[in-house]
Amino acid sequence: MKTKLFTLLFIFQFVLVSAQKDSPFKTSKLKLNWDEPAKVESPSNTKSLPYKSIFDKNDDYLKKYSILNQKKGEESLLVKKNEFKNPGDEIKRKLNNQDKQIKPEYRANQFLGEFRVMTKFVKVVCRDHEYPDGDRVRLLVNDKTLISEILLEAASKEIYIDISEGFNKLDFVALNQGSSGPNTAAFSVFDDAGNLITSNEWNLTTGIKASIVLIKEETEQAK
């Protein structure tokens with residue numbers, strides 16, 4: 001029995017070895033090279049940008065404007081020159097009458113009209129029609145001083161004057177020309193009912209006067 005078993009094992013081993021030699025599917029061992037990394041070729045998606053690195057920047061153009069490299073007496077280009085006039089100064093200069101020419105007529109007495117009225121008194125409203133600069137005037141009625149000094153300001157001032165029968169002359173004499181000439185004023189005259197009689201302006205040099213004449217007529221009741 002043992003002899004048969006041995007014979008069968010021998011035949012099975014012989015057939016197995018023969019099958020391995022005649023098999024068309026041969027196997028080969030995979031040889032790996034651990035010393036070199038595997039090379040894998042893939043299409044490159046890297047693009048070179050046209051911009052320079054921040055480490056390659058050129059600061060030469062900044063040196064042109066640097067205040068540290070300014071030559072003595074040379075003004076920085078970053079300093080903007082003020083080529084415009086201050087509008088406030090321009091208005092103040094004009095209001096202050098600095099551009100106003102002293103005309104020959106400002107040096108002569110000015111007669112501003114004759115008016116016939118039927119009123120007990122008149123109200124004179126006057127003010128400086130230019131920039132208030134300290135203009136002062138004296139008021140005379142029929143060559144007599146009624147108010148020795150009136151300061152002309154931006155706000156209007158009211159003066160009440162009694163009117164006599166017949167001829168009444170009102171003189172405004174310039175005491176000065178303020179901080180800039182001439183002496184300037186705008187005035188209006190109203191009757192006792194608030195009706196406007198006249199309105200005008202004067203431009204006077206020192207010592208010159210502006211005059212108006214009021215002729216008071218008799219009322220119907222007085223006749």
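Residues numbered from 1 in each chain as written. Predicted model: local features only at pLDDT ≥ 70, side-chain atom pairs only at ≥ 80, totals over all residues. Heavy atoms only, no water.

> Help me understand the overall build of the protein, please; the structure alone is not making it clear to me.
Check the secondary structure of the protein and you find three helices and nine strands. The secondary structure elements of the protein, listed N-terminal to C-terminal, are α-α-α-β-β-β-β-β-β-β-β-β. Across the 223 residues of the protein, 27% fall into the buried class. Here the analysis covers contacts within the protein between residues at least 6 apart in sequence; of these, 75% occur between residues at least 24 apart. Summing over all exposed atoms, the protein offers an accessible surface of approximately 17,900 Å²; the carbon and sulfur share of this is 55%. (Helix = DSSP H or I, 4+ residues; strand = E, 2+ residues; numbered from the N terminus. Buried < 20%, exposed > 50% of the residue type's maximum accessible area, 1.4 Å probe, protein only. Contact = heavy atoms within 4.5 Å. Areas by Shrake-Rupley, 256 points an atom, 1.4 Å probe, with all protein chains shown as cover.)

> For this particular structure, what's the right way to read the nonpolar core?
Soluble, globular proteins show a tendency: their nonpolar side chains are buried together. If you look at the biggest cluster of nonpolar residues, it comprises 27 residues, and the most contacted ones within it are I161, W202 and L214. Contributions of two or more residues to this core are made by β1 (110–117), β2 (121–127), β3 (136–141), β5 (157–162), β6 (166–174), β7 (183–190), β8 (196–204) and β9 (209–216). The residues touching I161, leaving out its near neighbours within four places in the chain, are F121, V122, V124, L139, V141, L146 and L170. (Core = buried A, V, L, I, M, F, W, Y, C linked by side-chain atoms within 4.5 Å.)

> Teacher, can you tell me more about the pattern of salt bridges here?
Oppositely charged side chains can pair when the atoms bearing their charge come close. Under the defined criterion, the tally for this structure stands at seven salt bridges. Of the charged contacts in the structure, one is a salt bridge between K157 and E153, with a shortest N-O distance of 3.4 Å. The partner of E165 in a salt bridge is K216, with the nearest N and O atoms 4.0 Å apart. Remark: K216 occurs in strand β9 and E165 occurs in the loop between β5 and β6; sequence separation between them is 51 residues. Here the salt bridges do not stand alone but share partners, grouping D143, K169, D171 and K209 into one network. (Salt bridge = Lys/Arg side-chain N within 4 Å of Asp/Glu carboxyl O.)

> It is not clear to me how the environment of A155 should be interpreted in this structure. Could you clarify?
Tracing the sequence through the fold places A155 in the loop between β4 (144–151) and β5. Taking the relative accessible area as the measure of exposure, A155 reaches 52% and is therefore exposed. The spacing of A155 and H129 is 26 residues in sequence and 9.6 Å in space, taken between C-alpha atoms. Apart from the residues lying within four places of it in its own chain, the contact partners of A155 are C126 and R127.

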